[in-house]
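The primary structure of each chain is shown beneath.
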Amino acid sequence: MKLILLLLTFFCLSCTKAPQTFKELQTAGQNAFIEGDYSSAKQYLNKALQIKPSDRDALYYLGQTFQKLHNDDSAVYYFKRADILFPNNRELNLAIYKSANTINDYENTIKAINVLIKTGDAPEPYYLELANLNLKNGNIIVSFQLLRKIWENGTDSPGIYLGLGNVAVQVDSVDFAIKIIKEAIEKFGEKEQFVNDLAIYLVEAHELPKAEKLLRNYLDKYPNAQNLRRKLAKTLSLYDTKDKTEESLKLYKKIRQVYGGSNELDSIIVVLQQKLQ
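What you see is a predicted model, and the numbers here were worked out from it, not measured in a lab.

Draft legend 1. Just the overall build of the protein, in detail. Assigned secondary structure in the protein consists of 16 helices and zero strands. For 277 residues, the compact-globule formula gives about 19 Å, and the C-alpha radius of gyration of the protein, at 31 Å, lies well above that figure. With respect to the three principal axes, the spread of C-alpha positions in the protein is 115 × 40 × 30 Å. Counting every position in the protein, which comprises 277 residues, the buried fraction comes to 38%. Sequence-distant contacts, at least 24 apart, represent 46% of the contacts inside the protein between residues at least 6 apart. Summed over all atoms, the accessible surface of the protein reaches about 16,100 Å², with 52% contributed by carbon and sulfur. The centroid of the 36 positive side-chain charges in the protein is displaced by 3 Å from the centroid of its 33 negative side-chain charges.

Draft legend 2. Layout of the pattern of salt bridges. Enumeration according to the criterion identifies 13 salt bridges in this entry. Across the pair lysine 221 and glutamate 190 runs a salt bridge whose closest N-O atoms are separated by 3.0 Å. In this pair, lysine 221 sits in helix 13 (residues 208-221) while glutamate 190 sits in the loop between helix 11 (174-188) and helix 12 (192-204), placing the two residues 31 residues apart along the sequence. Salt bridges sharing partners connect three or more residues here, namely Glu212, Arg216, Lys244 and Glu247.

Draft legend 3. Representation of helix 7 (residues 106-118). Here helix 7 is 13 residues long and its end C-alpha atoms lie 18 Å apart, about the 18 Å a rise of 1.5 Å per residue gives. Looking one or two residues beyond helix 7, the residue adopting positive phi is glycine 120, at roughly 135 degrees.

Draft legend 4. Summary view of the packing of helix 12 against helix 14 (residues 226-237). Running from N to C, helix 12 and helix 14 cross one another at 10 degrees; their axes reach a closest spacing of 10 Å. It follows that helix 12 is roughly parallel to helix 14 by the angle criterion. Touching Glu192, Val195, Asn196, Ala199, Ile200 and Val203 of helix 12 are Asn227, Leu228, Lys231 and Thr235, all from helix 14.

Draft legend 5. Expanded view of the packing of aromatic side chains. Overall, the coordinates contain eleven aromatic pairs when judged by the stated rule. The interplanar angle of 85 degrees and the centroid separation of 5.5 Å between the aromatic rings of tryptophan 151 and phenylalanine 176 together place this pair among those described as edge-to-face. Of the two residues, tryptophan 151 is situated in helix 9 (residues 140-153) and phenylalanine 176 in helix 11; the sequence distance between them amounts to 25 residues. Both residues of the pair, tryptophan 151 and phenylalanine 176, belong to the buried class. An aromatic cluster is built from Phe33, Tyr38, Tyr60, Tyr61 and Phe79, whose rings are joined through pairwise contacts. It is arginine 56 that lies over the ring of tyrosine 60; its NZ or CZ is 5.0 Å from the centre. In this arrangement the basic side chain of lysine 244 is found over the ring face of tyrosine 239, its NZ or CZ atom lying 5.2 Å from the centre.

Draft legend 6. Local environment of helix 5 (residues 72-85). Counted at 1.5 Å a residue, the expected span for helix 5 with its 14 residues is 20 Å, and the 20 Å between its end C-alpha atoms agrees. Of all the positions in helix 5, only Asp72, Ala75, Val76, Tyr78, Phe79, Lys80, Ala82 and Asp83 are classed as buried. In the core, the buried residues of helix 5 are packed alongside helix 3 (38-51), helix 4 (56-68), helix 6 (90-102) and helix 7.

Draft legend 7. Structural context of the nonpolar core. Leu147, Leu164, Phe176, Ile180, Leu228 and Tyr252 are the most contacted members of the largest nonpolar core, which has 50 residues in total. In terms of residue count, the dominant contributor to this core is helix 11 (seven residues). Residues within four places of isoleucine 180 in sequence aside, it is in contact with Trp151, Tyr161, Leu164 and Gly165. By size, the runner-up hydrophobic cluster in this structure holds 20 residues, among which are Leu59, Val76, Phe79 and Leu92.

Draft legend 8. The arrangement of unusual backbone geometry in detail. One non-glycine residue with positive phi stands out, namely histidine 70, at about 60 degrees. Along the polypeptide, histidine 70 turns up in the loop between helix 4 and helix 5. At asparagine 88, a position not held by glycine, the phi torsion is positive, near 65 degrees. Of note, asparagine 88 is situated in the loop between helix 5 and helix 6.

Draft legend 9. Quick peek at the confidence of the model for the protein. Taken as a whole, the protein shows an average pLDDT of 92; of its residues, 94% reach a score of 70 or greater. Confidence drops under pLDDT 50 across residues 1-14; counting only partners more than four residues distant or on other chains, this segment forms zero contacts.

Rules used in this analysis
- Residues numbered from 1 in each chain as written.
- Predicted model: local features only at pLDDT ≥ 70, side-chain atom pairs only at ≥ 80, totals over all residues.
- Heavy atoms only, no water.
- Helix = DSSP H or I, 4+ residues; strand = E, 2+ residues; numbered from the N terminus.
- Rg over C-alpha atoms; globule rule 2.2 N^0.38 Å.
- Buried < 20%, exposed > 50% of the residue type's maximum accessible area, 1.4 Å probe, protein only.
- Contact = heavy atoms within 4.5 Å.
- Areas by Shrake-Rupley, 256 points an atom, 1.4 Å probe, with all protein chains shown as cover.
- Lys, Arg positive; Asp, Glu negative; His and termini not counted.
- Charge placed at Lys NZ, Arg CZ, Asp CG, Glu CD.
- Salt bridge = Lys/Arg side-chain N within 4 Å of Asp/Glu carboxyl O.
- Expected span 1.5 Å × (residues − 1).
- Axes fitted to C-alpha atoms, helices over the stretch in contact; angles between N-to-C directions.
- Parallel < 35°, antiparallel > 145°, perpendicular 65-115°, else oblique.
- Phe/Tyr/Trp six-rings, centres within 6.5 Å; stacked < 30°, edge-to-face > 60°.
- Lys NZ or Arg CZ within 6 Å of the ring centre and 35° of its normal.
- Core = buried A, V, L, I, M, F, W, Y, C linked by side-chain atoms within 4.5 Å.
- pLDDT = per-residue confidence, 0-100.

What follows is the structure in structure tokens.
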């Protein structure tokens, strides 16, 4: 009887023995992850990687564990470690895309999307997202090229025209920006934002009379468009003639009277007054 009890005790102890080998730790970590015990999964997988630092599955599951714990910085770190060892892996890059996007890691999000395209996804659905990501990441020319592709393929989104015009100016294509916004007005109508942007681009192209005429025509139709009234005042202030400067000052004073003053507005009025003196 005592022998049986000893055997049972030994059997139970062996059953509850903590995992030691790489395979035991990896299996325990993956099982803990599946069961939602992310704290144990993290512990086991970390120990597994101490034994075998380059194991793809251990890196992937540890990254997923951090993802579940809402620690996406660490998730990206482990996913990227695996990605360096196993480049262009679709499953890894889907995981990188999710976590990198969550923490606004633009560079790794862009890289992940490019792998997803390389491994089978159609590129067109990603163009707008890639354009925005590249713009945020400082890759203005790439953003311009992507938005232009969307425009060339045909779009019914006013936002594409606005975005393309804005980026075109940043890559020194003011004439192209003017062309895009004029096309948008023809297609979608004389929306205030289109007129506002077109006036900005005309001023940028040193076409003050055209910008002034555009704004006056719009304000004749929509006199309550105060943002464009201020834009007109700004445009008039850029002339070197007394009559335009006086009209600009008059408009700014009226704006201050209606909407209240501000440091910026008060400074503009002072500058115009000094200019007239």
